[in-house]
Amino acid sequence: MKACVFPGQGAQFVGMGKDLYENVPLAKELFEKANDILGFRITDIMFDGTEEELKQTKVTQPAIFLHSVILAKALWDEFKPDMTAGHSLGEFSALVAAGALSFEDGLVLVSKRAYAMQKACESNPSSMAAILGLEDDVVEDICLSIDGVVVAANYNCPGQLVISGSDEAIDEACAKAAEAGARRAMKLNVGGAFHSPLMEPARVELEQAIAEAPFMKPVCPVYQNVDAKPYMDPEKIKENLIAQLTAPVRWTQIVKNMLNDGADSFVELGPGSVLSGLIKKVDRQAATEAKQSL
């Protein structure tokens, strides 16, 4: 069974999607439609902008979504999935690829999500950090021991857990993780505390937009971040998507569940190959392929 997976924020690079635009008529049509929907030429930034321009959350999230989804549509006959999943933002790509959301509605929601998250970040100085080489429960206990907002945010693979919270609490947690024997405890170059209680204003802002968007039954199960389980019921999918902003990404468990449910190959669609690397760390025998173009 084929599992198609979609990357989240951080996978972007200048030039992403340009070959699709230049060589696939459907891709060019969808990119131009996206420019109209967003009200600015995101393709100019994706193809020829600076890293700094591309790094803005309001640009990054739609850019990764567009690269992933347009590639999936261009390759649909070759890579028709039996199951899909996405890491954080990538969950929107996974839902569109599985037919639970239209391209247009997915892009509108991703853009609203990006603006809401950027606003929440600007109103609350916060960050994230990667803790490598400790058991999950040790990192969770460190977070609980700190008098401030800091939580486990991304369960990426065994021995790699990203934490999220206020700047002071993150610094304290990194120091405690180092004392506990972490191989590395490093702050990430992100604009705020994604997947933490500090994203509550963004969750509230996005809730109505998701509730009102027309979701359909997907053609295959979509494994969602909040509990790593497969869903096909549009109402449950919506609930999980709303909860996703303030809840952790359970990627390790998603990969394990997909493997247990019969996945024998993973195809990563979109910029980068981060997820393929994480999947290999969950199961060294897993067959992975990362595709950025045709």
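In this report, we go over the structure that sits alongside the text. (Residues numbered from 1 in each chain as written. Predicted model: local features only at pLDDT ≥ 70, side-chain atom pairs only at ≥ 80, totals over all residues. Heavy atoms only, no water.)

## Structural notes on the sheet that holds strand β3 (residues 126-132)
Cut-off, in case you're wondering: In this scheme, strands are said to pair when DSSP sees at least two bridges between them. Secondary structure elements are defined from DSSP: runs of H or I of at least 4 residues count as helices, runs of E of at least 2 residues count as strands, and each element is numbered from the N terminus. Structural elements are reduced to axes, namely lines fitted to C-alpha atoms, with helices fitted over the stretch in contact, and the angle between N-to-C directions of any two is expressed from 0 to 180 degrees. What makes two residues a contact is simply this: any of their non-hydrogen atoms within 4.5 Å.
Taking strand neighbours across the sheet as the criterion, the four strands line up as β4-β5-β3-β6 in an open arrangement whose pairing is antiparallel. The sheet is open, and its two edges are formed by β4 (150-157) and β6 (184-187), each paired on a single side. Recorded for the sheet is a direction-independent mean angle of 20° between the axes of neighbouring strands. In this sheet, strand β5 (residues 160-166) lies alongside β3 in antiparallel orientation, the contact comprising seven bridges. Following the sheet pairing, I131 is matched in β5 by L161. The sheet strands contacting helix α8 (residues 136-144) are β3, β4 and β5, and the helix crosses β4 at an angle near 165°. Docked against the sheet, helix α13 (residues 274-282) engages β4 and β5, running at close to 85° with respect to β4.

## Overview of the layout of surface pockets
Note the following rule: Residues are said to line a cavity or pocket when one of their atoms sits within 4 Å of a point; the points come from a 1 Å grid over protein atoms alone, cavities being sets where a 1.4 Å probe fits but cannot get out and pockets being open sets with protein on both sides within 12 Å along at least five of seven lines. Grid points are joined across faces, edges and corners, and a volume is the space filled by probe spheres set on the points. For this classification, Asp, Glu, Lys and Arg are treated as charged, while Ala, Val, Leu, Ile, Met, Phe, Trp, Tyr, Cys and Pro are nonpolar and the rest, including Gly, are polar.
Taken as a whole, the largest pocket holds about 900 Å³ of empty space. Q9, G10, L188, N189 and V190 are, among the 35 residues lining the largest pocket, the residues nearest its centre. Looking at the lining of the largest pocket, the elements that each hand over two or more residues are α4 (51-55), α5 (57-74), α7 (103-123), β3, β4, β5 and α13. For the lining of the largest pocket, a count of residues per class yields 15 nonpolar, 17 polar and three charged.

## Overview of the side chain of N240
Defined as follows: Polar contact is defined as a pair of N or O atoms within 3.5 Å, subject to the rule that within protein one atom must be able to donate a hydrogen and the other to accept it, and that residues adjacent in sequence are counted only when both atoms are side-chain atoms.
With respect to the helices and strands, the residue N240 is situated in helix α11 (residues 234-243). A polar contact of 2.9 Å, which involves the side chain of N240, links it to the side chain of Q224. Setting aside anything within four residues of it in sequence, one finds N240 in contact with Q224, V226 and Y231.

## Some thoughts on the sheet that holds strand β8 (residues 230-231)
What the six strands build is an open sheet, ordered β8-β7-β2-β1-β9-β10; its pairing is mixed. Lying at the two open borders of the sheet, with one neighbouring strand each, are β8 and β10 (288-291). Note that strand β7 (residues 222-223) and β8 share two bridges and pair antiparallel. Note that in β8 the partner of Y223 across the bridge is P230. The sheet contacts of α5 involve β1 (2-6), β9 (265-269) and β10, and relative to β9 the element is tilted by about 125°. In the packing of helix α6 (residues 90-97) onto the sheet, contacts are made with β1, β2 (83-86) and β7, and the angle to β2 comes to roughly 155°.

## Section: the pattern of salt bridges
Heads up, the rule is: A pair is scored as a salt bridge if a Lys or Arg side-chain nitrogen falls within 4 Å of a carboxyl oxygen belonging to Asp or Glu. To sort residues, take the accessible area from a 1.4 Å probe on protein chains only and compare it with the maximum for the residue type: under 20% means buried, over 50% means exposed, and anything in between is partly exposed.
Enumeration over the complete set of coordinates arrives at eleven salt bridges. For D171, the salt bridge identified is with K187, shortest N-O distance 3.1 Å. You can see D171 sitting in helix α9 (residues 167-179) and its partner K187 sitting in strand β6, a full 16 residues away along the chain. The exposure class assigned to D171 is partly exposed, which follows from its relative accessible area of 40%.

## Some thoughts on the packing of helix α10 (residues 200-212) against α11
The test is simple: We call two directions roughly parallel when the angle between them is under 35 degrees, roughly antiparallel when it is over 145, roughly perpendicular when it lies between 65 and 115, and oblique otherwise. By the definition used in this description, the sense in which the near helix is turned from the far one sets the handedness, with an anticlockwise turn below a right angle giving left-handed and a clockwise turn giving right-handed.
It is at 9 Å that the axes of α10 and α11 come closest, and there the two elements cross at 160°. One way to sum up the angle between α10 and α11 is to call them roughly antiparallel. The handedness of the crossing between α10 and α11 is right-handed. Across from R203, E207, I210 and A211 in α10, the residues of α11 making contact are K238, L241 and I242. Of the residues in the contact of α10 with α11, the class split is four nonpolar, no polar and three charged.

## A short note on the side chain of Q244
Tracing the sequence through the fold places Q244 in the loop between α11 and α12 (251-260). A polar side-chain atom of Q244 sits 2.9 Å from the main-chain carbonyl oxygen of S88. If sequence neighbours within four positions are ignored, Q244 has contacts with S88, E91, R113, H195, N225 and V226.

## Considering the packing of aromatic side chains
Applied cut-off: Only rings of Phe, Tyr and Trp enter the pairing, Trp through its six-membered ring, and a pair is recorded when the two centres are within 6.5 Å. The plane angle decides the type: under 30 degrees is stacked, over 60 is edge-to-face, the rest tilted.
Tallied over the full model, the rule gives four aromatic pairs. Geometrically, the ring pair formed by Y21 and F31 is tilted, given 6.0 Å between the ring centres and 50° between the ring planes. Of the two residues, Y21 is situated in helix α1 (residues 18-23) and F31 in helix α2 (residues 25-38); the sequence distance between them amounts to ten residues. Ring geometry for F31 against F47: centres 5.6 Å apart, planes inclined by 85°, an arrangement best described as edge-to-face. Remark: F47 occurs in helix α3 (residues 42-48) and F31 occurs in helix α2; sequence separation between them is 16 residues. On the accessibility criterion, F31 (0% relative accessible area) is buried. Exposure remark for F47: the relative accessible area of 10% places this residue in the buried category.

Nothing here speaks to function; it is all geometry.
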